[in-house]
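Here is what each chain is made of, one letter per residue.
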Amino acid sequence: MEIIRAETAGFCMGVDLALRKLEAILREADQHGPIHTLGPIIHNPQVMAEYAGRGVLRTDDPEDVAPGSTVVIRAHGVPRSVRESLATRGVRVMDATCPRVRTAQRLIAKQAEKGRILLLFGEQDHPEVKGLLSHASAGAYVFDSPERLAEMDLPAGPEFFLAAQTTQDREEFTIIQDLLKNRLDRDFPVLSTICDATMKRQQEAIELAGLVDYMVVVGGFESGNTRRLAQVARSAGASCVHVETAEQLPLNELRAFGRIGLTAGASTPKKIIDRVHSVLASL
C-alpha cells in the first residue's frame, strides 16, 4: 500500500503557540496557582488528556475559577466579557488566542464601530464564533452555509459587512460573497479572516483526493477545521474516513485500496499522525 501524506498535516502556528505558552506556565507552575484552561485549549481530546494528567484543569464556566488561579485563554479566543470578568476577579489571565483569531476580532470591532452589522460565516456554537460575535457591537447574523444565509430575513436599511470563522471553507465563502452581492445590490466590506494555513490545508486535501483511492483525515471530532478537511476531500470525490486515533481505522475496508492519502487537522499532534501512518503502511 502506498501512503501519500500531506505536507501540511498537523499543528498550525496558532495551535503550536498556544501549547508553547501552556508549557511555559507549567515550567513555572509553583508561581501560578491552580492552572485552568477555559474549555479545551485546542480541539484534541488526546492532548487534553495529557495535560489533565499534568494537573491542568479544564473549566467550562469562568465563574468556577477561584481568585489567585491562572487561566489560559484557548487558541479559539473567548468573548470580551469573559476576559474582563476574570481580570476583575483577581484571576491571572494568560492569552493563548491564535494571532489570526485576534486579527479577526480587531477587524470585526473596527467595522462594528462604524455601525455596520456583521454577517458571519461560521458555526453558531463554536467557541471562536462566540468570541468574534462579542466584537460585533452593532449586531450580527450567523450562518453555516450559503443555503442558511439564503433563508435569513435581512433588514433593508442597515449597512452590513461580511467575515468568516478562521477555519471555514474558502470556496463556500466566495459563493456567499457572490450571493450577497446579488441580494444586497450594493457594496459592502468583506474581511479576509479565513486563515492562510486553513486554506492551504484544504487545497492540499483537494489535490491529494484526486491522486488516491481513499482519504484518511486524523483529528479531534470536535475540531471544525478537521471536519472540514474531510468535507472538502469528499466534495472532491474521494471516499474518506475521519478518525481521532489509529485504533479507529477501518482496517478491513482500507486493505482493499492501493493508494491512501493521509492528512490531519491543525490541532492533531505529530505522534498521532505518525501512528496512523505506521498502521496504514503495515497493511
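Preceding this section is the structure that the text describes.
Summary of the structure given here. (Residues numbered from 1 in each chain as written. Predicted model: local features only at pLDDT ≥ 70, side-chain atom pairs only at ≥ 80, totals over all residues. Heavy atoms only, no water.)

1. Examining the overall build of the chain
Step number 1: On a plain count of helices and strands, the chain comes out with eleven helices and eleven strands.
Step number 2: With the C-alpha coordinates aligned to their principal axes, the bounding extent of the chain is approximately 60 × 55 × 25 Å.
Step number 3: Long-range pairs, those at least 24 residues apart, make up 71% of the contacts in the chain between residues at least 6 apart in sequence.
Step number 4: Here the chain displays about 13000 Å² of accessible surface, and carbon together with sulfur accounts for 48% of that area. (Helix = DSSP H or I, 4+ residues; strand = E, 2+ residues; numbered from the N terminus. Contact = heavy atoms within 4.5 Å. Areas by Shrake-Rupley, 256 points an atom, 1.4 Å probe, with all protein chains shown as cover.)

2. With respect to the side chain of glutamate 128
Step number 1: Turning to its location among the elements, glutamate 128 is positioned in helix 5 (residues 127–133).
Step number 2: Summary of buried charges: glutamate 128 has no salt-bridge partner, and the nearest side chain of opposite charge, arginine 228, is 6.9 Å away.
Step number 3: A polar contact is formed between the side chain of glutamate 128 and the backbone nitrogen of threonine 166, at a distance of 2.8 Å.
Step number 4: Excluding residues that lie within four positions of it along the chain, glutamate 128 makes contacts with His76, Val101, Gln165 and Thr166. (Buried < 20%, exposed > 50% of the residue type's maximum accessible area, 1.4 Å probe, protein only. Lys, Arg positive; Asp, Glu negative; His and termini not counted. Salt bridge = Lys/Arg side-chain N within 4 Å of Asp/Glu carboxyl O. Polar contact = N/O pair within 3.5 Å; in protein donor to acceptor, adjacent residues only side chain to side chain.)

3. Overview of unusual backbone geometry
Step number 1: A positive phi angle, close to 55°, is found at aspartate 185, a residue other than glycine.
Step number 2: Residue position: aspartate 185 is located in the loop between helix 7 (170–184) and helix 8 (196–209).
Step number 3: Taking relative accessible area as the criterion, aspartate 185 reaches 67% and is therefore assigned exposed.

4. Structural notes on the sheet that holds strand 6 (residues 117–121)
Step number 1: With parallel pairing, three strands are arranged side by side in an open sheet as 7-6-8. Every other strand in the sheet has two partners, leaving strand 7 (140–143) and strand 8 (160–164) as the edge strands with one partner each. Recorded for the sheet is a direction-independent mean angle of 20° between the axes of neighbouring strands.
Step number 2: As paired strands, strand 6 and strand 7 are joined by four bridges and run parallel to one another. By the bridge assignment, leucine 120 is partnered in strand 7 with valine 142.
Step number 3: Contacts from helix 7 reach strand 6, strand 7 and strand 8 within the one sheet, and its direction differs from that of strand 8 by about 170°. (Pairing = 2+ DSSP bridges. Axes fitted to C-alpha atoms, helices over the stretch in contact; angles between N-to-C directions.)

5. Here's the deal with the pairing of strand 4 (residues 70–73)
Step number 1: Residues of strand 4 alternate between two faces, with Thr70 and Val72 on one and Val71 and Ile73 on the opposite face, all of them buried.
Step number 2: Where strand 4 lies against strand 5 (residues 92–95), four bridges are found, and the strand directions are parallel. Pairing of valine 71 across the sheet is with valine 93, part of strand 5.
Step number 3: For the segment spanning strand 4, helix 3 (residues 80–88) and strand 5, crossover handedness is right-handed. (Right-handed = clockwise from strand over helix to strand, strands pointing away.)

6. Looking at the sheet that holds strand 2 (residues 35–38)
Step number 1: With parallel pairing, the four strands of this open sheet are ordered in space as 3-2-4-5. The open sheet has two edge strands, strand 3 (57–59) and strand 5, and neither has a second partner. Neighbour to neighbour, the strand axes of the sheet diverge by 30° on average, direction disregarded.
Step number 2: Of the strand pairs in this sheet, strand 2 and strand 4 are connected by three bridges, and their pairing is parallel. Within the sheet, the bridge partner assigned to histidine 36 lies in strand 4 and is valine 71.

7. A short note on the nonpolar core
Step number 1: Counting 31 residues, the largest nonpolar core has Met215, Val216, Val218, Leu249, Leu262, Val276 and Leu280 as its most contacted members.
Step number 2: Only helix 8, strand 9 (214–218), helix 9 (224–235), strand 10 (240–243), strand 11 (259–264) and helix 11 (270–281) provide two or more residues apiece to this core.
Step number 3: Ranked by size, the runner-up nonpolar core spans 18 residues in total, among them Leu26, Met48, Ala75 and Ala266. (Core = buried A, V, L, I, M, F, W, Y, C linked by side-chain atoms within 4.5 Å.)

8. Description of the packing of helix 8 against helix 9
Step number 1: Axis separation between helix 8 and helix 9 bottoms out at 8 Å; the angle between their running directions is 35°. For helix 8 against helix 9, the interelement crossing comes out right-handed. For the pair helix 8 and helix 9, contact is made by Arg201, Gln202, Ala205, Ile206 and Ala209 and by Arg228, Leu229, Val232 and Ala233, respectively.
Step number 2: Here the contact of helix 8 with helix 9 is composed, by residue class, of six nonpolar, one polar and two charged. (Left-handed = near helix turned anticlockwise from the far one by under 90°. Nonpolar A, V, L, I, M, F, W, Y, C, P; charged D, E, K, R; others polar.)

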